[in-house]
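Examination of the molecular architecture
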Amino acid sequence: MSHEKSVRSTALPWGERLFLGTYQFGMNVVFPMALLALLPFLVLKRNRRRTLLPRLGFQTFPEKPSPETLTDRHDGEVLWIHALSVGEVLSAVPLIRELSPRIKPARLYLSVSTLNGHETAVAKLKGSLDGLFYFPLDLAYPVRRAFDRVTPSLFVLVETDVWPGFMAELRRRRIPSLLINGRLSSSSFKRYGQVKRLFSPALNTFCRLYPQSPSAAEFYRKLGADPGKLATPGNLKFDAARVSGSPERLEILRTKLRIREGEKVLVAGSTHEGEEEILRAAFLQLRQSLPALKLIVAPRHPHRAENVQRLFARDPFKVMFYSALPQERFDVLVVDEFGVLGSLYAFGDLAYVGGSLVPKGGQNPLEPAAAGKPVFFGPDMSDFQEIAHEMVKEGGAMEVKNREELIAQAYRLLSDSALSAGLGAKNKALVERNAGVTSAIAKDILDCLGKV
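Residues numbered from 1 in each chain as written. Predicted model: local features only at pLDDT ≥ 70, side-chain atom pairs only at ≥ 80, totals over all residues. Heavy atoms only, no water.

**Section: the pairing of strand 11 (residues 350-353)**
Cut-off, in case you're wondering: Accessibility here uses a 1.4 Å probe with only protein chains present; expressed as a share of the type maximum, an area under 20% marks a residue as buried, one over 50% as exposed, and anything in between as partly exposed. Helix numbers and strand numbers start at the N terminus; a helix is a DSSP run of H or I with at least 4 residues, a strand a run of E with at least 2. Should DSSP find at least two bridges between two strands, the strands are regarded as paired.
Covered by surrounding structure in strand 11 are L350 and Y352 together with A351 and V353, the residues of both alternating faces. Sheet analysis places strand 7 (residues 265-271) next to strand 11, joined by four bridges and oriented parallel. Looking at the pairing, G269 lines up with V353 of strand 11. As paired strands, strand 11 and strand 12 (residues 375-377) are joined by three bridges and run parallel to one another. For Y352, the partnering residue across the bridge sits in strand 12 and is F376.

Written out as structure tokens, the structure reads:
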């Protein structure tokens, strides 16, 4: 199929031009003044301090080949993929690994918006990228500088992060684009709906939209996306969950963890501030009945690992950092590195998914599901609502509303190996049943680049 012909014209209806002009005035005139006023506060935050200047355009972009070195018609082509942060990068990992050898001699670049996303890309995609940089803030200078330096042949957006100014520049330069694994929460849909005339042309800039769920597809329709551009819903996260660790990597981890027969392991993944206190209290109580129980806790942001370690060190437990293994055996293991959580789920008997007992929208429950583990999470899984609902419906996951329910359900599952195995098998079957989206999207991307 030819996506080049479906690149939308730069001419917008008067009402949409007015909304876009107002937005761009606010972003390029008002926003910089607000940014300057907030600068002293922004530099105090590690993520902002490291990413602000690059996102304002002051960064080194991948080197472009000189014209005299081009020997193939695809030599000068660039596929630019953008993944906002950690979750989006992880969703794109199988796709990028599949595309990387197949698009040569064209180049594959990835942009991210956050420091954690950048670190995840470095850890997970070494050798699969020709360039990695930060996505520009939606201001005229950084956006145009990024396009001038990258000169993409095709732009692919993963999941979310639609910016009207950036999309307008895609239209102006007539660069084809795809939205893959698209998602919209109910709250985002309501916000976008209030400025529909701004986001409708942004969505229709894409030649094709691949929603990750039927509800996302419906949201896009209601926001004005052309129904003819909507592909069949499918979620890359199911494929991403299946590639957490090679047999060799798992064997190395097995040696490092030194878990003995009869010991039970609770893995708490992607936890947020406030949840570790709940987990500490739960672990203290569970250990009274299950003295061989171990806890692996992986903070959503590994730079918080020292704070988490200090919290658990108040108790008479042997608390270790993952990076210190295999020096000693542990009661509580605090993960202080990126890119290992998915593999660690394989060694758990039960998985708790963080960001859900505190109002953070939850985290991706599919990695422990793919590992064949029973899963439980708190009441706020709004960022993964459909996946969480499906897992509960299939019987492989459960929601716990507070610490007391967490303790009760954890004890029930940790005490009954047959029950745990049954729930884990249901989760694994759900993941396998929904896998396979990556190859279909990769074929479309290669088609756009003229590779098939």
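Structure shown, so let's carry the discussion forward.
**Some points on the packing of aromatic side chains**
Stated precisely, the cut-off is as follows: Here a Phe, Tyr or Trp ring, Trp counted by its six-membered ring, pairs with any other such ring whose centre lies within 6.5 Å, and the pair is stacked when the planes are under 30 degrees apart, edge-to-face when over 60, and tilted otherwise.
All told, the structure shown has 14 aromatic pairs when counted by the stated rule. A ring pair is formed by F135 and F166, whose centres lie 4.7 Å apart and whose planes are at 50°; its orientation type is tilted. Residue F135 is found in the loop between strand 3 (131-134) and helix 5 (140-150), and its partner F166 is found in helix 6 (residues 164-173); the two are separated by 31 residues along the sequence. We note that F135, like F166, is buried.

**Section: the confidence of the model for the chain**
Interpretation of the predicted coordinates at a detailed level should be avoided for regions scoring low in pLDDT. This is how it is decided: Each residue carries a pLDDT score, the predictor's confidence in it, ranging from 0 to 100. Residues count as neighbours in contact if any of their non-hydrogen atoms are within 4.5 Å of one another.
Residues at a pLDDT of 70 or more form 95% of the chain, whose mean pLDDT is 92. Note on residues 1-5: pLDDT under 50 across the span, and 10 contacts to partners over four residues away in sequence or across chains.

**Digging into the sheet that holds strand 5 (residues 177-182)**
Just so we agree on the cut-off: Between N-to-C directions, angles span 0 to 180 degrees; the directions come from axes that are lines fitted to C-alpha atoms, helices contributing only their stretch in contact.
The strand order across the open sheet formed by six strands is 3-2-1-4-5-6, and the pairing between neighbours is parallel. Only two strands of the sheet have a single neighbouring strand rather than two, namely strand 3 and strand 6 (208-211). For this sheet the average axis-to-axis angle between neighbouring strands, irrespective of direction, equals 20°. Looking at chain direction, strand 5 and strand 6 are connected through three bridges and run parallel. Counterpart to L178 in the pairing with strand 6 is R208. Helix-sheet contacts for helix 4 (residues 115-124) involve strand 2 (107-112) and strand 3, and the interaxial angle to strand 3 is about 170°. Here helix 5 sits on the sheet and contacts strand 1 (78-83), strand 2 and strand 3; the angle it forms with strand 1, its principal contact strand, is near 140°.

**Re unusual backbone geometry**
Phi is mostly negative for residues that are not glycine, and the peptide bonds are mostly trans. The peptide bond linking K104 to P105 adopts the cis configuration, its omega dihedral lying at 5°. Locating P105 in the fold gives a position in the loop between helix 3 (86-99) and strand 2. Omega for the peptide link from L325 to P326 comes to 5°, which places this bond in the cis form. For P326, the position within the fold is in the loop between strand 9 (319-321) and strand 10 (332-334). One non-glycine residue, R174, lies in positive phi territory at about 55°. Along the polypeptide, R174 turns up in the loop between helix 6 and strand 5. Note on R174: relative accessible area 47%, which makes it partly exposed. Positive phi, normally seen in glycine, also occurs at N181, with a value near 55°. Structurally, N181 is set in strand 5.

**What to know about a nonpolar patch on the surface**
Basically, it comes down to this: Patch criteria: residues need more than 30% relative accessible area and no salt bridge. Like-charged residues are merged within 9 Å; nonpolar side chains of Val, Leu, Ile, Met, Phe, Trp and Tyr are merged within 5 Å. Under the convention used here, a 1.4 Å probe and the Shrake-Rupley method define accessible areas, while residue burial counts only the protein chains that appear. Basic side-chain nitrogens of Lys or Arg form a salt bridge, by our definition, when they fall within 4 Å of a carboxyl oxygen of Asp or Glu.
Where nonpolar side chains cluster on the molecular surface, the patch consists of F25, V29, V30 and M33 and spans about 390 Å² of accessible area. Position of V30 among the secondary structure elements: in helix 1 (residues 14-42). Taking the relative accessible area as the measure of exposure, V30 reaches 42% and is therefore partly exposed.

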